[in-house]
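So the chains spell out like this:
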Amino acid sequence: MTEPTARANVRYPIWRGRQTVDGLWLAADWLSPEQRSERILHEWMPGCRAWRFEHGDVLCFEAPRMLQCEFAGGTPLRQVGAQGLYAGPLTAEERATLEAGDVHLVIGGQLQALQFAKAQALDPSLVIDIDDYALHDTYDGRRSLALPKAGRLTGKPLRDVLGDKIPPPSQEREAFLRDAAARGAGRDASGKSVGEGFSSAKPSLRERAVGTRDRMADWLLQRFPGLSGGGAPAGGGGGAANSGRGVGTGGGSVRPRNPSIVPQRWRDMLVRFAIASRASRLIGMRHGAYLRRLMEQFDRGDLNEALRNALPIDGSGDSLGQAFSAPGRRDSLRLSQGNGAAPSIDFGDSARDRLRKLYRNAFEQLDRQGKIDEAVFVLAELLSARNEALDYLVKHERFAQAAELALSWDMAPDLIIRLLMLAGDRERAVLVARRDNAFAAAVALLENGHPQQARQLRGEWGQALAEQGLWLAAVDAVWPDPQAREQAGRWLLAAEAAGAELSARALVQRASLLPDTVHHYAERIARLADPASPAAPREALGRDLAEVKQTNPALRALAAQVLPALAADRAACANDIERVQFERLRKLADDPWLNADLPGWSLPTPPGRRRLWETTGALNASAPDAPGLQSLHDVAALGDGRYLVALGEAGAAVVDRGGRRVRSYAVPAYRFVMSHSGQIALAIARRDSVSRIARLDLPHHDITDLGAMPLQFFADRFDGIAWSVVSGERIMVVDAARASLDVLWSVGDLGGPVIAAEFFPIEESFLVRGDREQVLWRYRNAPQRRLLSRDPIVEDGRFRQLHPAMGVLPLQLTQDDDGAVRFAYTWGTRDFQIRLSPPSGELSGHGVIPLTQGCLVWLRGDRAMRLHLVRPLHADVAASIDWPSAALRTREYEGGVLLFDHQGRVMDIASDTSKVRTFTLL
């Protein structure tokens, strides 16, 4: 250990709050060698490293871990750039006083540096006593662990689609141009500048002027290599003849659905330089010469060579800025993939119109000659008419080629699905439809001319909806197909067994589709029509009845029977049915006796509701003091006063609002992933480096084992099929309705590991640790997944919380002299501060949990905690809650927020009414 530096006034000696931690310092003053070894062994994972110094041990994690610093089990250490591990957020001035070292600590107000070279490396396996254990051969589980495979929904480039139809590069290409790197210098393979002629005859004055001009342009390109146009890869056109817009023609991969590309700044700077130095005239003449040669090739009818040199126009991609060199010749007539960015050349409207006419004439000529592949190249690559190119392929019944190109270009999902179905690739068509929930639009496209494929896809649509727990929607999806009605009847029975409200709604669908069977449900209808029965199922039935489009005797009788009870509920403010809905029900019933008995609608005004996130003033509540009888790992609201609880190795269970068990599921459960319908859940159980995943069909009490996969982070909600996860440094969406866990969408090559992730209803945020900085990736996940932004995060000593509205919410918690806690944060461009009341006693910990409409700030005292639900946009507190000291977690659902702890306490706060319900597990 180095000698301590001079005593420094360190403002923040340790990390606080929830942070990404790279290691721990275990001080010898606190822990004996045996205790330190035990703690290292407890935290050890493959890839960890440990060293022993004179005054303590250092444990380096295999990857950054998100920890609450106050409960980390040691002094948290974070990697700061390439300067080593730090025990606190030191300022630049404080770091400047440090000696060189691998670990930097603040002990007794003194800055100290440690070097691994002077420490003893530790092997934690040596402290494990295995003498009394029997050793057996182990089974290699890797053979049974099928990791999801990505890439099934990526298209193929045109060369792979068309095979040998596109002619290979000509032999004179080697004499005309260098490879892509040499083209950046503006010279051909013989060392001549591109503008020089190949004739041995004495050049004319004009030719000498052109040669001199091009040599000057070449000098400019050599003097400033970046002018060559961004290094377009070989085979690309190197630019686009657009007005400030370009389509990339290289073969590099382009991640679909990216936001607009910002033009390269250096190009704007060089444009100004070229104008100021009059070099822009040379560049313009060089571009003009290239354009003249191109048009001459078209005029001579040399289409093969003209197309290899032609420039894309009318592109929809983003431009990197002005191109300075002449575009290069294509190696082959292959199409680009995606809407990438490239340098652009502004030839003016007249030249672009001329090129458009030449390209259109070339397309018509190739079409007459039956050269379909070359004609597609002109449409898609040169005219940027990709939809027309796909229609042209469909016209010639080249469905497979059209489908591959549509996938490659990331076209509309319904179009991709239609082409895949026509190509006979039903499996991938269904994967795309499940990924983007695009069944309805695709079925509508196929029904016009392709009824067989439409019927097949309609059946897959119904199956997907049933897997999501949306049985009534599944019935509606397949009912137009008479052959699928038997299956629809089974789904209708499944809905009738899936809870009181869904069962009541299923009666409306039965009366509409199977009116002859309604008399078998007379007893159930009579219970619903009884005003003394629960109002919620009756309200659900009434709302669905008010929306029916066609009528029949069964629907009229059902409306007449339940309408008086619905009116009584409304008079008692037990439902929120509106006057217009009551009028529809009255007309649907069409009962003259009922009309005579019903008074005029005089609906009472419902009592004012205290909405949690909108009403001014803080709600006050308290959790039960006594813990539950069982440990609780996760909880989710199911409706009807029921909750799904995770009990670890003891399995999962459904409990009522009193915490009493109603049903058990014999599957290990530590975390839940809930479907939007509330009918399907995934039970997650961590098993070393992988997580076991089981799918629970809650209404029918079925358990399906989906296997195991590595999970770094995952969303706690999904639509019943598409589930967002982070696995193996990839962001993925997997099909969690099938044991194969097919990858529906993925992004890799993030520039580093994902160290934090938050999944919100319509947005997902991922914090990636790069070589130099942390980068925040934000995706919008509805209706189609798209990248919103990718921004670097500048560290300034403040803790940052991922938030759906702001991406990253900088915040800080400090305590005033009077004991009050000041919560400071930056919302947009404004700074806010809120004073929060702490719990009794000395403050020993704090943290922030993000929520969709705000955040929860928890403050830990000596014996208890105080929780504050904060509305950041209004800079006030929505609720203050007293809670016993315990590890707290939250879960949001459509109707409210759940708070719970490991000791079995649960609090459910309704968002619409701020009603609080608490219970403990029994």
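Every value quoted in this text rests on a predicted model; they were computed, and no experiment measured them.

Attention now moves to the overall build of the protein. When helices and strands are tallied, the protein shows 25 helices and 40 strands. Sorting the 922 residues of the protein into buried and exposed places 50% on the buried side. Here the contacts in the protein between residues at least 6 apart in sequence split such that 54% fall between residues at least 24 apart. Carbon and sulfur atoms make up 50% of the accessible area of the protein, which amounts to about 43,300 Å² in all.

Attention now moves to helix 11 (residues 372-382). Taken across its 11 residues, helix 11 has 11 buried, putting it largely inside the fold. What helix 11 keeps buried is the set I372, D373, E374, A375, V376, F377, V378, L379, A380, E381 and L382.

Attention shifts here to the packing of aromatic side chains. Tallying each qualifying case throughout the model produces nine aromatic pairs. An angle of 70° between the planes, with centres 5.3 Å apart, marks the rings of F363 and Y392 as edge-to-face. Here F363 is found in helix 10 (residues 349-368), whereas its partner Y392 is found in helix 12 (residues 386-395), with 29 residues between them in sequence. In terms of burial, F363 and Y392 fall into one category: buried. Their ring planes at 80° and their centres at 5.6 Å tell us that F759 and F766 sit as a pair that is edge-to-face.

In the predicted model, the protein carries a mean pLDDT of 77, and the fraction of residues at 70 or more is 75%. Across residues 138-145, where pLDDT falls below 50, the model places four contacts with residues more than four positions away in sequence or in other chains. Taken as a whole, residues 318-334 scores under 50 in pLDDT and shows 107 contacts with residues more than four places along the chain or in a different chain.

Per the counting criterion, the structure on display carries zero disulfides. Among the cysteines around C60, which has no disulfide bond, C48 carries the closest sulfur, lying 8.6 Å off. C60 gets classed as buried once you look at its relative accessible area, which sits at 6%.

To continue, consider the nonpolar core. With 117 residues, the main nonpolar core has F298, Y359 and W723 as its most contacted residues. Here this core takes eight residues from helix 11, the largest share from any one element. Within the second largest apolar cluster, 27 residues are counted, among which are V518, I525, I577 and L585.

Pairing in this open sheet of eight strands is mixed, and the strands run 7-6-5-4-1-3-2-8 from one edge to the other. Edge positions in the sheet fall to strand 7 (110-114) and strand 8 (120-121), since each of these pairs with one other strand and no more. Relative to strand 3 (residues 56-68), strand 1 (residues 18-27) is paired through nine bridges, and the arrangement is antiparallel. In the strand pairing of strand 3, W25 is matched with V58. Across the sheet, helix 1 (residues 33-43) touches strand 1, strand 2 (49-53) and strand 3, and the angle it forms with strand 3 is around 30°.

What follows is about the packing of helix 22 (residues 535-546) against helix 24 (residues 579-589). Two elements in contact, helix 22 and helix 24, have axes whose closest approach is 9 Å; the angle formed by their N-to-C orientations is 75°. Between helix 22 and helix 24, the angle falls in the class roughly perpendicular. Mapping the contact onto sequence places G542, R543, L545 and A546 in helix 22 and Q581, R584, L585 and L588 in helix 24. When the residues that make up the contact of helix 22 with helix 24 are grouped by side-chain class, the tally is four nonpolar, two polar and two charged.

So, about the sheet that holds strand 14 (residues 652-655). The strand order across the open sheet built from four strands is 12-13-14-15, with neighbouring strands paired in antiparallel fashion. Strands with a single pairing partner mark the edges of an open sheet, and in this sheet they are strand 12 (634-639) and strand 15 (661-665). Between one strand axis and the next, the sheet turns by 20° as a mean value, whatever way the strands run. Alignment of strand 13 (residues 642-646) against strand 14, held across four bridges, turns out to be antiparallel. Bridging from a neighbouring strand, A646 pairs with A652 of strand 14.

Turning to the packing of helix 14 (residues 413-422) against helix 16 (residues 439-447), a few remarks are in order. For the pair helix 14 and helix 16, the least separation of the axes is 8 Å and the interaxial angle reads 50°. Here helix 14 lies oblique to helix 16, going by the angle between them. The crossing of helix 14 and helix 16 is right-handed. Counted together, D414, L415, I417, R418, M421 and L422 of helix 14 and A441, A442, L445 and L446 of helix 16 form the full contact between these two elements. Looking at the contact of helix 14 with helix 16, its residues break down into eight nonpolar, no polar and two charged.

On to a nonpolar patch on the surface. On the surface, a cluster of nonpolar side chains totalling about 370 Å² of accessible area is made up of L41, L126, V127 and I128. Within the fold, I128 resides in the loop between strand 8 and helix 3 (158-162). A residue is classified by how much of its surface remains accessible, and I128, at 41% relative accessible area, is partly exposed.

Attention now moves to the pattern of salt bridges. Taken as a whole and judged by the stated rule, the model has 36 salt bridges. Residue E523 pairs with R527 through a salt bridge whose shortest N-O separation is 3.4 Å. With E523 and R527 both in helix 21 (residues 522-528) and four residues apart, the pair spans about one turn of that helix. Residue class for E523 comes out exposed when judged on its relative accessible area of 61%. With a closest N to O distance of 3.3 Å, D716 and R717 form a salt bridge. Each member of the salt-bridge network shares a partner with another, and the members are D634, R671, D716, R717 and R891.

What follows deals with the pairing of strand 19 (residues 702-709). One ladder, built from seven bridges, connects strand 18 (residues 690-697) with strand 19; its direction is antiparallel. The residue of strand 19 that forms the bridge with S691 is M709. Counting the residues in the hairpin turn of strand 18 and strand 19 gives four residues, including H701, whose phi is positive at 60°.

Let us look at the environment of E763. With respect to the secondary-structure elements, E763 resides in strand 26 (residues 763-769). Separated by 19 residues in the primary sequence, E763 and A782 place their C-alpha atoms 7.9 Å from one another.

Here we take up the side chain of T890. The topology assignment puts T890 in strand 37 (residues 888-893). In this structure, T890 is in contact with I849, L851, L856, L898, L899 and F900, ignoring residues within four places of it in sequence.

Conventions and cut-offs
- Residues numbered from 1 in each chain as written.
- Predicted model: local features only at pLDDT ≥ 70, side-chain atom pairs only at ≥ 80, totals over all residues.
- Heavy atoms only, no water.
- Helix = DSSP H or I, 4+ residues; strand = E, 2+ residues; numbered from the N terminus.
- Buried < 20%, exposed > 50% of the residue type's maximum accessible area, 1.4 Å probe, protein only.
- Contact = heavy atoms within 4.5 Å.
- Areas by Shrake-Rupley, 256 points an atom, 1.4 Å probe, with all protein chains shown as cover.
- Phe/Tyr/Trp six-rings, centres within 6.5 Å; stacked < 30°, edge-to-face > 60°.
- pLDDT = per-residue confidence, 0-100.
- Disulfide = S-S within 2.5 Å.
- Core = buried A, V, L, I, M, F, W, Y, C linked by side-chain atoms within 4.5 Å.
- Pairing = 2+ DSSP bridges.
- Axes fitted to C-alpha atoms, helices over the stretch in contact; angles between N-to-C directions.
- Parallel < 35°, antiparallel > 145°, perpendicular 65-115°, else oblique.
- Nonpolar A, V, L, I, M, F, W, Y, C, P; charged D, E, K, R; others polar.
- Left-handed = near helix turned anticlockwise from the far one by under 90°.
- Patch = residues over 30% accessible without salt bridge, like charges linked within 9 Å, V, L, I, M, F, W, Y side chains within 5 Å.
- Salt bridge = Lys/Arg side-chain N within 4 Å of Asp/Glu carboxyl O.

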